[in-house]
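# Overview (structure and organization)
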Amino acid sequence: MGHLLTLTGRDSRQEFWLYALFLLILRWIVGTVAAAPLMASTMSTAFDAARNSSDPQATATAVQANITAALPQLMVLTIVVGLVTMAMLVASLVRRLHDTGLSGWFVLLPGVPYLVTLAAAPHEVARTMAMMQQGPHQAGEVLHATNWSLAAVGWLALALLVALAARPSTSGANRYGPPPQDSRA
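All chains use their own residue numbering, which begins from 1 and follows the written sequence. With the structure being a predicted model, the display of local features is reserved for residues of pLDDT at least 70 and the display and counting of side-chain atom pairs for 80 or more, all residues being used for whole-chain, interface and lining totals. As a rule here, side-chain values cover all heavy atoms of the structure and leave hydrogens and water aside.

The subject of this paragraph is the overall build of the protein chain. The way it works is that DSSP assigns letters per residue, a run of H or I at least four long becomes a helix, a run of E at least two long becomes a strand, and they are numbered from the N terminus. Looking only at helices and strands, the protein chain features five helices and zero strands. Only protein chains enter the accessibility calculation, which uses a 1.4 Å probe. A residue is then buried if its area is under 20% of the maximum for its type, exposed if over 50%, and partly exposed in between. Within the span of the protein chain, comprising 185 residues, buried residues form 32% of the whole. Should any heavy atoms of two residues lie within 4.5 Å, those residues are counted as being in contact. The contacts in the protein chain between residues at least 6 apart in sequence include a share of 79% that link residues at least 24 apart. The method behind every accessible area is Shrake-Rupley, applied with a 1.4 Å probe, and residues are considered shielded solely by the protein chains displayed. Carbon together with sulfur atoms contributes 73% to the accessible area of the protein chain, which is approximately 10,800 Å² in total.

Here R10 shows up in the segment before α1 (13–52). A relative accessible area of 7% places R10 in the buried class. Between N or O atoms, a polar contact is any pair within 3.5 Å; within protein, one atom must be a potential hydrogen donor and the other a potential acceptor, and residues adjacent in sequence are included only when both atoms are from side chains. Within polar-contact distance, the side chain of R10 engages the backbone oxygen of T170 at 3.0 Å. At 2.9 Å, the side chain of R10 forms a polar contact with the backbone oxygen of G172.

Let's shift gears to helix α2 (residues 56–99). Turn by turn, an α-helix covers 3.6 residues, leaving residues three or four places apart pointing in a common direction. Two axes enter the bend calculation: one fitted to the seven residues ending at the residue in question, the other to the seven starting there, and the bend is the angle between them. The largest bend along α2 measures about 35 degrees and falls at L71, with the proline P72 one to four residues further on. Backbone geometry just downstream of α2 places G101 in the positive-phi region, at approximately 90 degrees.

It is worth spelling out the packing of α1 against α2 at this point. Orientation is described by axes fitted as lines to C-alpha atoms, over the contacting stretch for helices, and by angles from 0 to 180 degrees between their N-to-C directions. Contact geometry of α1 with α2 gives a least axis separation of 10 Å together with a crossing angle of 170 degrees. It follows that α1 is roughly antiparallel to α2 by the angle criterion. Under the grouping applied here, Gly and all other residues not named as nonpolar or charged are polar, the nonpolar ones being Ala, Val, Leu, Ile, Met, Phe, Trp, Tyr, Cys and Pro and the charged ones Asp, Glu, Lys and Arg. A per-class count over the contact of α1 with α2 returns 22 nonpolar, eight polar and three charged. These descriptions rest on fixed angle ranges, namely under 35 degrees for roughly parallel, over 145 for roughly antiparallel, 65 to 115 for roughly perpendicular, and the rest for oblique.

The next point concerns a nonpolar patch on the surface. Patch members must show over 30% relative accessible area and no salt bridge, and they are joined within 9 Å when carrying like charges or within 5 Å when they are nonpolar side chains of Val, Leu, Ile, Met, Phe, Trp or Tyr. Salt bridges, as used here, are contacts in which a Lys or Arg side-chain nitrogen is within 4 Å of a carboxyl oxygen on Asp or Glu. A cluster of nonpolar side chains, contributed by L18, L21, L24, I25, W28, I29 and V33, occupies part of the molecular surface with about 730 Å² of accessible area. Position of L24 relative to the elements: it lies in helix α1.

Stacked, tilted and edge-to-face are the three classes assigned to paired rings of Phe, Tyr and Trp, where Trp is represented by its six-membered ring and a pair needs centres within 6.5 Å; plane angles under 30 degrees give stacked, over 60 edge-to-face, the rest tilted. A complete count under the given rule lists two aromatic pairs for this structure. Aromatic pair F16 and W17: ring centres 4.9 Å apart, planes at 80 degrees, arrangement edge-to-face. On the basis of relative accessible area, F16 is assigned to the buried category, the value being 0%. Of the residues examined, W17 reaches a relative accessible area of 32% and is grouped as partly exposed. Considering the side-chain rings of Y19 and F22, the 6.2 Å spacing of their centres and the 25 degrees angle between planes classify their relative orientation as stacked. With Y19 and F22 both in helix α1 and three residues apart, the pair spans about one turn of that helix.

Below, the discussion takes up the nonpolar core. Taken as a class, soluble globular proteins show a tendency for nonpolar side chains to be buried jointly. Counting residues in each nonpolar core, the largest one holds ten residues, listed as F16, A20, L93, V94, L97, L102, V107, L161, L164 and A165. Among the elements of the structure, α1, α2 and α4 (139–165) are those that each provide at least two residues to this core. Non-local contacts of A165, meaning those with residues more than four positions away in its chain, are made with R13, F16, W17, L93 and R96. For the purposes of this section, nonpolar cores are sets of buried Ala, Val, Leu, Ile, Met, Phe, Trp, Tyr and Cys residues that join through side-chain atoms within 4.5 Å.

Its 40 residues give α1 an end-to-end C-alpha distance of 57 Å, which sits within 8% of 58 Å, the value for a rise of 1.5 Å per residue. By the largest-angle criterion, A35 marks the main kink of α1, which is about 35 degrees, and a proline, P37, follows within four residues. Of all the positions in α1, only F16, Y19, A20, L23, L38, T42, A46 and A49 are classed as buried. Here, expected helix span is obtained from the residue count minus one, scaled by 1.5 Å.

What follows concerns the pattern of salt bridges. The final tally for this structure, using the stated rule, is four salt bridges. As a salt-bridge pair, R10 and D99 come within 2.8 Å of each other at their nearest N and O atoms. In this pair, R10 is assigned in the segment before α1 and D99 in helix α2, connecting sequence segments 89 residues apart. Take R10 and D99: they sit in the same class, and that class is buried. With a closest N to O distance of 2.7 Å, R96 and D99 form a salt bridge. A residue pair is termed a helical-turn pair when its members lie 3 or 4 positions apart in one helix, as R96 and D99 do in helix α2 at three residues. Salt bridges sharing common partners tie together R10, R96 and D99.

Shown next as structure tokens:
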């Protein structure tokens, strides 16, 4: 893992998947740590609103206002963490493609749908926030109305990534270098 952003050389399947798992766990930890204050604040707002009002609509409105206020900061953090981990994953995928004998340019197959999803995220979050500010909605209704197409594109990117990364390695040296260290044993 000493070559986090290197686009040359080769990564074995095992090295790629362990690295991808590490990045997934890293994103989960950062997301959890970032969302914890929002969750605590939202719960506090909900309890305060419920104590001070018997109107469920007022409680729902207060909770939605709390979430809506925090979404821009969470969105920025999500985009920054997404870009950093994506760059690291792309570099590893390029090396994995080299190990299978393919050009690193094949990284664009899953990369383009992922970038489309990332580029559309701010608009979709803004749309979700606008719907939430109109008043209480069922959570599933809001998410379904705004995010289903992004999820579909994201799943397409993931399927393409798995298909490319699961390809068998070429035996011996290829035009991208010798086999990775962990596959020589």
